[in-house]
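Next come the chains, spelled out residue by residue.
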Amino acid sequence: SIPDMGMFQSNVTPGSEKERHSTISNLLASSEPLHFVLVKKRSETGERNLLSSHYLDWRQVLSAPKGRLTLCLELSGVLTEAKVPVGLLEVCLALRPRPKAAMAADVLSSQLAQDKPQEGPP
């Protein structure tokens, strides 16, 4: 089974039309990326080494059909090995409860473009 990595909660009346629009708007405004960290732990010594760190803007799922999106991420090494791929990670993003309709792609693109200048590299 796939672990649930997080949840967004709203203070709007459940089931209302206002809730759907409010929740989607709030989700779109949440620009905090998902951070994936790959660590290798040596069983003999317990030493841990960072192999990869990857930030993902999860909001792509807001415009995905049925609120579900599967991505394949190429994880790169760190520091001197930053250009060396260390592996692939398949990520499945899903909105729960499933939205009745996906957000228009142009609305999402517009918000992502507005957020770009405000954000520096994570």
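Higher on the page you've got the structure.
The structure contained in this document is the topic of the report that follows. From a predicted model like this one, the values you see are computed outputs, not experimental measurements.

About the thresholds
- Residues numbered from 1 in each chain as written.
- Predicted model: local features only at pLDDT ≥ 70, side-chain atom pairs only at ≥ 80, totals over all residues.
- Heavy atoms only, no water.
- Salt bridge = Lys/Arg side-chain N within 4 Å of Asp/Glu carboxyl O.
- Helix = DSSP H or I, 4+ residues; strand = E, 2+ residues; numbered from the N terminus.

**With respect to the pattern of salt bridges**
(1) Moving on: The full count for this structure, using the stated rule, is three salt bridges.
(2) Moving on: Put simply, Glu47 and Arg42 hold a salt bridge, and the shortest N to O gap is 3.9 Å.
(3) Moving on: Here the residues in one salt-bridge network are Asp57, Arg59 and Asp115, joined through shared partners.

**Some remarks on unusual backbone geometry**
(1) Moving on: Here the residue pair Arg96 and Pro97 is connected by a cis peptide bond, since its omega of -5° sits within 30 degrees of zero.
(2) Moving on: One non-glycine residue, Lys66, lies in positive phi territory at about 60°.
(3) Moving on: By secondary structure assignment, the location of Lys66 is in the loop between strand S2 (48–56) and strand S3 (68–76).
(4) Moving on: The backbone phi angle of Leu79 is positive, close to 55°, even though this residue is not glycine.
(5) Moving on: In this fold, Leu79 is placed in the loop between S3 and strand S4 (85–94).

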